[in-house]
Amino acid sequence: MDVTTAVTDDQAAQAVQVARLYYHQGLTTDAIARELGLSRPKVSRLLTMARRTGLVEIRIHDPQAHPQSLEVQLQTRYPFLHAHVVGVPVNSTEDTWLDRVAVATASVLGSVVRPGQTVGLAWGNTLDAVSRVLQPRRLSNLEFVQLNGSASAVDFTGGFITDTITRFSRAYGGRAHLFPIPTFFDDPATKEAMWRERSVQHVLQLQAQADVLLYSVGSRQAHRPSHVYVSGILDPQDLSRLDAEGVVGDIATVFYRADGSYDTVSLNARASGPDLGLMQQAPHAICVASGLGKVEALRAALLGQLMNTLITDENTARALLQQDPAADQHPLPGVNPPEKRISRV
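Residues numbered from 1 in each chain as written. Predicted model: local features only at pLDDT ≥ 70, side-chain atom pairs only at ≥ 80, totals over all residues. Heavy atoms only, no water.

Draft legend 1. Geometry of the overall build of the chain. Tallying secondary structure elements over the chain gives 16 helices and 9 strands in all. Per-residue burial over the chain gives 52% buried out of 345 residues. Partitioning the contacts of the chain with sequence separation of at least 6, the portion at a separation of at least 24 is 74%. Of the roughly 16100 Å² of accessible surface on the chain, 50% is carried by carbon and sulfur atoms. (Helix = DSSP H or I, 4+ residues; strand = E, 2+ residues; numbered from the N terminus. Buried < 20%, exposed > 50% of the residue type's maximum accessible area, 1.4 Å probe, protein only. Contact = heavy atoms within 4.5 Å. Areas by Shrake-Rupley, 256 points an atom, 1.4 Å probe, with all protein chains shown as cover.)

Right, dumping it as structure tokens:
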């Protein structure tokens, strides 16, 4: 069966029925075929479709498996967090870790995204990797919206950013809403004026209404430093100011400190990314982070509760848990998700 073909409601219902008999009741494919009056190949195709389209997920619960143990430890340390820890080969490189995490993220996303939703995407090396391993699954009325502006006119037209966003939309048969504005404005007043434009307000409204947010944490210490730090978008004075203000990372090019705070970082007044409160209240705020150089930025984001789902590799998870636990036991006041959605328009 071509998984790029849209699955009808009847097919989905039949696949679920077959999957329940197979996985829950332990019937063989022959027994299911007899019970439902289907051919055995038809039953096998329905089981395959159920797995590939996300109707069925298979997870092996090995009590000796380190990734699952690390998941429990992370969720104990951060009770608001749903953790997915991916196993990686011994002595493998960080590039391999990212490849494994990207595949796992594609699987998680396939189980989360539903018809009619809006998905907010931040661009960068990590999401670029995820976009290349997506499992095709066409859904109706799905919107993908870019969360922060393109790096520059050259980068925007060069394809690094647009290709990432459009791969997501094509894999799911959704609509892509790009954000063709600078990553950082030279003057905060220019940003304020741009935010009053109707075309920009449309994108901002989609961001504020997103059901799913997918992003990584940026860090200057990462094995592959975030694009924002190495592309020349920020000049040396900007980088020195970030250091002076205690910045350890960014999400969608909005910077935050080691304690997870972000509201008074001066450069954020010029940034095109969203208020990070969006990550504190979205139904699915999925952070994907891999690599030891991202541990400090990741720990700070967890302190600020700037995610509710984390997908990472076992080595990064282990390093994160080895950080000072005392700091994590004192979350910042006022970081709980707000009761109402943020309005940015």
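Draft legend 2. Structural view of the packing of helix H1 (residues 9–24) against helix H2 (residues 29–36). Put simply, H1 and H2 touch, their axes get as near as 10 Å, and they point 135° apart. Considering their axes alone, H1 and H2 lie oblique with respect to each other. Handedness of the crossing formed by H1 with H2: right-handed. Facing Gln-17, Val-18, Leu-21 and Tyr-22 of H1, the residues of H2 in contact are Thr-29, Ile-32, Glu-35 and Leu-36. Partitioned by chemical class, the residues of the contact of H1 with H2 number 5 nonpolar, 2 polar and 1 charged. (Axes fitted to C-alpha atoms, helices over the stretch in contact; angles between N-to-C directions. Parallel < 35°, antiparallel > 145°, perpendicular 65-115°, else oblique. Left-handed = near helix turned anticlockwise from the far one by under 90°. Nonpolar A, V, L, I, M, F, W, Y, C, P; charged D, E, K, R; others polar.)

Draft legend 3. Structural context of the nonpolar core. Formed by 49 residues in total, the largest nonpolar core has its most connected members in Leu-74, Ile-251 and Tyr-256. When residues in this core are grouped by element, the largest group, 6 residues, is from helix H14 (residues 295–303). When sequence neighbours within four positions are dropped, the list of residues in contact with Ile-251 reads Tyr-215, Ser-216, Val-217, Tyr-256, Leu-276, Met-279, Ala-301 and Leu-306. With 28 residues, the next largest nonpolar core counts Ala-129, Tyr-172, Val-212 and Ile-286 among its residues. (Core = buried A, V, L, I, M, F, W, Y, C linked by side-chain atoms within 4.5 Å.)

Draft legend 4. Up close: the pattern of salt bridges. As enumerated under the stated definition, the model contains 8 salt bridges in all. For Asp-30, the salt bridge goes to Arg-40, with nearest N and O atoms at 3.7 Å. One end of the pair, Asp-30, is in helix H2; the other, Arg-40, is in helix H3 (residues 40–52), with 10 residues separating them in the sequence. Residue classification places Asp-30 among the partly exposed positions, given a relative accessible area of 34%. Overall, Arg-40 belongs to the partly exposed group, its relative accessible area being 47%. Across the pair Arg-220 and Asp-243 runs a salt bridge, and its minimum N-O distance is 2.8 Å. Placement of the pair is Arg-220 in the loop between strand S5 (212–215) and helix H11 (227–230) and Asp-243 in helix H12 (residues 236–244), with a sequence separation of 23 residues. The network of salt bridges with common partners includes Asp-128, Arg-132 and Arg-167. (Salt bridge = Lys/Arg side-chain N within 4 Å of Asp/Glu carboxyl O.)

Draft legend 5. Here's a closer look at the side chain of Ser-92. As for its placement among the helices and strands, Ser-92 is situated in the loop between strand S1 (82–86) and helix H5 (94–112). Note on Ser-92: relative accessible area 18%, which makes it buried. Of the polar contacts made by the side chain of Ser-92, one reaches the side chain of Trp-97; its length is 3.1 Å. (Polar contact = N/O pair within 3.5 Å; in protein donor to acceptor, adjacent residues only side chain to side chain.)

Draft legend 6. Region of the structure containing the confidence of the model for the chain. Taken residue by residue, the chain gives an average pLDDT of 86. The fraction at 70 or more is 86%. This model gives residues 1–5 a pLDDT under 50, and the stretch forms 6 contacts once residues within four places in sequence are excluded. Here residues 325–345 scores under 50 on pLDDT; set against residues more than four positions off or in separate chains, the count is 44 contacts. (pLDDT = per-residue confidence, 0-100.)

Draft legend 7. Expanded view of the pairing of strand S6 (residues 247–251). Among the 5 residues of S6, 5 are classified as buried, and the element is accordingly described as predominantly covered. As defined by bridge partners, S6 adjoins strand S7 (residues 254–257) across 4 bridges and the pair is classed as antiparallel. Its bridge partner lying in S7, Gly-249 is registered against Tyr-256. Hairpin connection between S6 and S7: a loop of 2 residues separates the two successive antiparallel strands, and Ala-252 in this loop has a positive phi of roughly 55°. (Pairing = 2+ DSSP bridges.)

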